[in-house]
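Residues per chain are reported as follows:
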Amino acid sequence: MMFFMVLLGVTGLITGCSNNEESNAQGENSDETVELKWYLIGTPQPDTEKVMEEVNEYTKEKINATIDLNLIDWGDYDERMQVITASAEEYDIAFTSSWANNYSLNARKGAFLELNDLLDEHGKEMKEAINPQFIEGAKIDGSLYAIPTNKELGQQAVLSFNNELVEKHNLDVSDVNSIEDLEPLLEVIKQNEPDVTPIATFDAYLPFDFILQGEMPFAFRLDGNTDEVVNVYEEDVTMDTLKTMHDYYQKGYIRSDAATSTDSWPLEVANWFVRKELYQPYAEKVWSRSAGYEIVAQPLHEPYIFNGSVTGSMQAISATSQNPEKAMEFLNLLNTDPYLRNLLDKGIEGEHYEEVEDGKIKDLPARVEKFNMPSFAIGNQLILKLYEDDPEDKWEAFEEFNDKSIPSPALGFYFDTNPVRTEIAAISNVTSEYAPALLKGAVDPEEYLPKFNDKLYEAGLQKVLDEIQKQYDEWKKQHGE
């Protein structure tokens, strides 16, 4: 029996273990080059293979690994990753977030590997490069299951304005700090610009940290009693805000089909005056470049750090990976090595982009047409080359923005929906029926909010609120708060 056990151990050393609890780092103990399969969200690009040849030459030299990059289009990503996870397919790395390939759900059901020790052992440089609030905020019950992208940390809603119309009518937007402040400006546009819709359709801004995505009712307040989970649609600020939106709708500032329209209001079509956006430093320059005319912005609040903002772009290592150490080595390189990060993002210098003065770059037609990658989804933004019209202090401005971002009281609390899945499904159906029209001002909140709330309670709202509160209180105790 002892001989048999020893033989098993020797055989394991010779063949290499496939169990993640054993040593899977083929590249560390062998001359064999490891190939890592990486699933990334984004439209497949014609020049991916060409760029990846150069990427793989570099990664092979640096960490003895090559990358099999698989881009899955935006609309297909969730479904494809669900199939891949359900089939227990072996892969190494995948894009995940709060909105695609659900981070917290996949972490809890064991689809992603727990990364605390791997990060400490094989990602030291990356851990130093990424703002620590990203890593702490993304931990679920003390464990990290994906590497956050180092980018803007806080989430800040702003009102952005078509500055051509601002200047044409000599309007002052500097004192606009809320939706209510818009009234006199909207009236001027309505009276003088018949071909312009004053408000490009948006949901009203509400000052809460929402627990679930979309228009679901569960949230924590950002001031006042921040430890109580509430139904947003019973809060006074919600009624007041929705009354303002409905007033604007009745005055024709909002399109009559706002509740049902799928118009995305493309920036290049200058048929709007004001819209709501999420901000990052110098975002107005990006918007203006895309639009072809100047756009200016006014903040609605200070930037807040939410779970959704720290988990908005991440890379997970699969629980099925046979090479988790090597996968972490690659992510470490990707997030700390400017050459690799820019190669995967911008393509090949001289073919997809060219360098201009002061080390800045400009895109060549081949990048736009053949290698237009989802920059935010790849990795550390703060080591990317600057474009020729980017401010010199762009990345410093990101760091300042991150430093002033305010952690939400519920940052790091991830609600486990399993105990109330049936109720959440029913509440989601009710929310889909009522919320779009209310949030866009299309119906009278004094009439519809009471009906909406009655339906929410019939669907099991109180049970879900109680469960969230219970889990939150337990989480607070575990964190010594």
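That block above? That's the structure.
Residues numbered from 1 in each chain as written. Predicted model: local features only at pLDDT ≥ 70, side-chain atom pairs only at ≥ 80, totals over all residues. Heavy atoms only, no water.

1. A short note on the side chain of Glu423
Then step 1. Among the secondary structure elements, Glu423 is positioned in helix α18 (residues 421-439).
Then step 2. Residues within four places of Glu423 in sequence aside, it is in contact with Ala459, Gly460, Lys463 and Val464. (Helix = DSSP H or I, 4+ residues; strand = E, 2+ residues; numbered from the N terminus. Contact = heavy atoms within 4.5 Å.)

2. Details of the sheet that holds strand β8 (residues 218-221)
Then step 1. Spatially, β7-β8-β9 is the arrangement adopted by the three strands of the open sheet, whose pairing is antiparallel. Of all strands in the sheet, those with a lone pairing partner are β7 (208-210) and β9 (229-231), marking the two edges. Averaged over all neighbouring strand pairs, the angle between strand axes comes to 45°, with direction disregarded.
Then step 2. In this sheet, β9 lies alongside β8 in antiparallel orientation, the contact comprising three bridges. Directly across from Ala219, in β9, lies its bridge partner Val230. (Pairing = 2+ DSSP bridges. Axes fitted to C-alpha atoms, helices over the stretch in contact; angles between N-to-C directions.)

3. Some remarks on a negative patch on the surface
Then step 1. The grouping of Asp172, Asp175, Glu180, Asp181, Asp236 and Asp240 at the surface amounts to a negative patch.
Then step 2. Position of Asp181 among the secondary structure elements: in the loop between α9 (163-168) and α10 (183-192).
Then step 3. For Asp181, a relative accessible area of 30% corresponds to the partly exposed category. (Patch = residues over 30% accessible without salt bridge, like charges linked within 9 Å, V, L, I, M, F, W, Y side chains within 5 Å. Areas by Shrake-Rupley, 256 points an atom, 1.4 Å probe, with all protein chains shown as cover. Salt bridge = Lys/Arg side-chain N within 4 Å of Asp/Glu carboxyl O. Lys, Arg positive; Asp, Glu negative; His and termini not counted. Charge placed at Lys NZ, Arg CZ, Asp CG, Glu CD. Buried < 20%, exposed > 50% of the residue type's maximum accessible area, 1.4 Å probe, protein only.)

4. A short note on empty space enclosed by the protein
Then step 1. With the rule as written, the count across this model stands at one cavity of 30 Å³ or more.
Then step 2. One number sums up the size of the largest cavity: a volume of about 30 Å³.
Then step 3. Along the walls of the largest cavity sit Pro281, Tyr282, Lys285, Val286, Asp390, Pro391 and Lys394, which together make up its complete lining.
Then step 4. For the lining of the largest cavity, the class distribution of residues is four nonpolar, no polar and three charged. (1 Å grid on protein atoms, 1.4 Å probe; cavity = no way out; pocket = protein on both sides within 12 Å on 5 of 7 lines; lining within 4 Å. Points joined across faces, edges and corners; volume = space filled by probe spheres on them. Nonpolar A, V, L, I, M, F, W, Y, C, P; charged D, E, K, R; others polar.)

5. Some words on the environment of Asn70
Then step 1. Structurally, the position occupied by Asn70 is in strand β2 (residues 65-72).
Then step 2. The exposure class of Asn70 is partly exposed, given its relative accessible area of 24%.
Then step 3. For Asn70 and Asn106, which are 36 residues apart along the polypeptide, the C-alpha to C-alpha distance reads 20 Å.
Then step 4. Residues contacting Asn70, with those up to four places away along its chain left out, are Lys37, Trp38, Tyr39 and Leu40.

6. Topic: the environment of Asp473
Then step 1. The topology assignment puts Asp473 in helix α20 (residues 461-478).
Then step 2. The class for Asp473 is partly exposed, based on a relative accessible area of 36%.
Then step 3. Remark: the alpha-carbon pair of Asp473 and Phe452, spanning 21 residues in sequence, is separated by 28 Å.

7. Observations regarding the packing of aromatic side chains
Then step 1. Evaluated as defined, the whole model comprises 22 aromatic pairs.
Then step 2. Their ring planes at 55° and their centres at 5.6 Å tell us that Tyr248 and Tyr253 sit as a pair that is tilted.
Then step 3. For Tyr253, a relative accessible area of 3% puts it in the buried group.
Then step 4. What links up through ring pairs into an aromatic cluster is the set Trp74, Tyr77, Phe95, Trp99 and Phe376.
Then step 5. Arg275 extends its terminal NZ or CZ atom over the ring of Trp272, reaching a point 4.7 Å from the ring centre.
Then step 6. The lysine or arginine in question, Lys451, covers the ring of Tyr448, its NZ or CZ lying 5.1 Å from the ring centre. (Phe/Tyr/Trp six-rings, centres within 6.5 Å; stacked < 30°, edge-to-face > 60°. Lys NZ or Arg CZ within 6 Å of the ring centre and 35° of its normal.)

8. Quick word on the sheet that holds strand β1 (residues 34-41)
Backbone hydrogen bonds are what pair the strands of a sheet, in a parallel or an antiparallel way.
Then step 1. Strand order in the open sheet made by the five strands is β2-β1-β3-β13-β4, with mixed pairing throughout. Each edge of the sheet is formed by a strand with only one pairing partner; in this case those strands are β2 and β4 (147-148).
Then step 2. Here β1 runs beside strand β3 (residues 93-96); their pairing, made up of two bridges, is parallel. Residue Tyr39 lies in a different strand from β3, and its bridge partner there is Ala94.
Then step 3. Across the sheet, helix α4 (residues 77-86) lies against β1, β2 and β3, angled at about 140° from β1, the strand it touches most.

9. With respect to the nonpolar core
Then step 1. Of all hydrophobic cores here, the largest spans 64 residues; its most connected members are Trp38, Leu40, Tyr77, Tyr103, Ile147, Phe330 and Leu344.
Then step 2. With residues near it in sequence (within four places) discarded, Tyr77 still touches Tyr39, Leu40, Ile41, Ile72, Ala94, Phe95, Ala100 and Asn101.
Then step 3. Formed by 63 residues, the second largest nonpolar core is a distinct cluster that contains Ile189, Val196, Met216 and Tyr248. (Core = buried A, V, L, I, M, F, W, Y, C linked by side-chain atoms within 4.5 Å.)

10. Some words on the pattern of salt bridges
Then step 1. All told, the structure shown has 30 salt bridges when counted by the stated rule.
Then step 2. Linking Lys139 and Glu136 is a salt bridge whose minimum nitrogen-to-oxygen distance equals 3.1 Å.
Then step 3. The exposure class of Glu136 is partly exposed, given its relative accessible area of 49%.
Then step 4. In this structure, the salt-bridge partner of Glu423 is Lys463, at a minimum N-O distance of 3.1 Å.

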